[in-house]
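Summary of the model geometry
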Amino acid sequence: MDLVALEIFHTVAAEGSVTRAAERLGRAQSNVTTRVQQLEEQLGVPLFLREGKRMQPTPAGEILRGYADRLLALAEEARQAVRPGQPTGLLRLGAMESTAAARLPGPLARLHAQWPQLVLELRTAPSRQLVEQVLAHQLDCALVAWPPPGLEPDAPVERTPVFTETLLLALPASHPPVARPADLRLDQFAAFAHGCTYRRMGEDWMRQAGGEPPRVLELASYPAILACVAAGRCAGVVPQSVLELLRTPPALQWVPLGTCDTVLVHRAGYATPAFAALQDTLLSNGDDTP
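How each quantity is defined
Residues numbered from 1 in each chain as written. Predicted model: local features only at pLDDT ≥ 70, side-chain atom pairs only at ≥ 80, totals over all residues. Heavy atoms only, no water. Pairing = 2+ DSSP bridges. Helix = DSSP H or I, 4+ residues; strand = E, 2+ residues; numbered from the N terminus. Axes fitted to C-alpha atoms, helices over the stretch in contact; angles between N-to-C directions. Contact = heavy atoms within 4.5 Å. Buried < 20%, exposed > 50% of the residue type's maximum accessible area, 1.4 Å probe, protein only. Arc of directions from axis to C-beta. Phe/Tyr/Trp six-rings, centres within 6.5 Å; stacked < 30°, edge-to-face > 60°. 1 Å grid on protein atoms, 1.4 Å probe; cavity = no way out; pocket = protein on both sides within 12 Å on 5 of 7 lines; lining within 4 Å. Points joined across faces, edges and corners; volume = space filled by probe spheres on them. Nonpolar A, V, L, I, M, F, W, Y, C, P; charged D, E, K, R; others polar. Patch = residues over 30% accessible without salt bridge, like charges linked within 9 Å, V, L, I, M, F, W, Y side chains within 5 Å. Areas by Shrake-Rupley, 256 points an atom, 1.4 Å probe, with all protein chains shown as cover. Salt bridge = Lys/Arg side-chain N within 4 Å of Asp/Glu carboxyl O.

Read from one edge to the other, the open sheet built from eight strands follows the order E4-E3-E5-E10-E6-E9-E7-E8, with strand pairing classed as mixed. The two strands at the open ends of the sheet, each matched to only one other strand, are strand E4 (118-124) and strand E8 (215-218). When the angles between neighbouring strand axes are averaged without regard to direction, this sheet yields 25°. Two elements, strand E6 (residues 157-171) and strand E9 (residues 235-239), share four bridges in a ladder whose sense is antiparallel. For Ala170, the partnering residue across the bridge sits in E9 and is Gly236. Lying over the sheet, helix H7 (residues 127-135) contacts strand E3 (89-95), E4, strand E5 (141-145), E6 and strand E10 (253-267), oriented at roughly 155° with respect to E5.

What follows is the structure in structure tokens.
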């Protein structure tokens, strides 16, 4: 089993298609198919269920996929480690939706300008899922709101504070003034999926109004959350930095909810020139405003 075969297998599993994997890898489809078949023969188990052109990993394929995540990440880390002071190669960064939109454009532009050979791959997800992806070697590092809900307290990650976000509770403009949770007249809350730290903070605040957790409407973006709040259906939590991105903020009632630190997390012991360059860029511009 070699790294090239693992990379081809991993790409097919990620894309779910030999055609898309071949395009991504710059290889002929026949070559990709052959390398997957050779790997299956070598291991003695089928790695994919073939449904037409769709490639779905078998249980054995899912097991191998986890190992491939770690082995390929370690190989990339090794390639970078032998060239200290030269940030190159791939760096897989995770971030919350709000951080990616409001905090990263400037620093990432400066990082690319200084180190054009560094290839950055950015993915977004709620905080807990991002930490889990770092631990599973699916990401190299991530910017998360700390502490993520449901995360084990002793999770083996190192973290560096980068930003402090001011959070606001968004309420419909027609809602009576709110100074404390007891003033709230809504029991529905628009938020991201489980694992979002801001969601947990909003739910905790709203629970103080009547002792019961709010009904949660799960949405995938801040525009969708604000639209639901504006319609008078629910409350929502929005970082001040996201609100400042809007040319015309919606006419809503805004209630200060508190602050939350955004930290850069990575696996214990992980260190590459690419990661160091990202960390230096974020820390030198950690007080950037949108």
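There's more to say after this.
This part covers helix H6 (residues 105-114). An α-helical turn contains 3.6 residues, so a residue and the one three or four places further along point in the same direction. Buried within H6 are the following residues: Pro107, Leu108 and Leu111. Seen end-on, H6 carries its buried residues on one side only, within an arc spanning 95°. Where H6 is buried, its residues contact E3, E4 and helix H11 (273-284).

So, about the environment of Val32. Inspection of the secondary structure puts Val32 in helix H3 (residues 29-43). Between the C-alpha atom of Val32 and that of Ile8, which follows or precedes it by 24 residues, the distance is 6.6 Å. Setting aside residues no more than four positions away along its own chain, Val32 makes contact with Ile8, Val12, Val18, Ala22 and Arg27.

Under the criterion given, the structure shown has three aromatic pairs. With centroids separated by 4.9 Å and ring planes inclined at 70°, the aromatic side chains of Phe192 and Tyr222 adopt a geometry described as edge-to-face. Remark: Tyr222 occurs in helix H9 (residues 222-230) and Phe192 occurs in the loop between strand E7 (188-191) and helix H8 (197-210); sequence separation between them is 30 residues. The same class applies to Phe192 as to Tyr222, namely buried. Ring geometry for Tyr270 versus Phe275: centroids 5.6 Å apart, planes at 65°, classification edge-to-face. Given a relative accessible area of 6%, Tyr270 falls into the buried group. Judged by relative accessible area, which is 4%, Phe275 ranks as buried.

As a further point, take the layout of surface pockets. The calculated volume of the largest pocket comes to roughly 660 Å³. Considering the residues around the largest pocket, the lining is formed by 24 residues, among which His10, Arg24, Leu72, Leu90 and Arg92 are closest to the centre. Put simply, the parts of the chain that give the lining of the largest pocket at least two residues each are helix H1 (3-15), helix H2 (18-25), helix H4 (59-81), E3 and E4. In terms of residue class, the lining of the largest pocket is built from nine nonpolar, four polar and 11 charged.

A word on a nonpolar patch on the surface. Residues Leu3, Ile63, Tyr67 and Leu71 make up a contiguous nonpolar surface patch of roughly 390 Å² in combined accessible area. With three residues, H4 is the largest single contributor of residues to the nonpolar patch. Along the polypeptide, Tyr67 turns up in helix H4. The exposure class assigned to Tyr67 is partly exposed, which follows from its relative accessible area of 46%.

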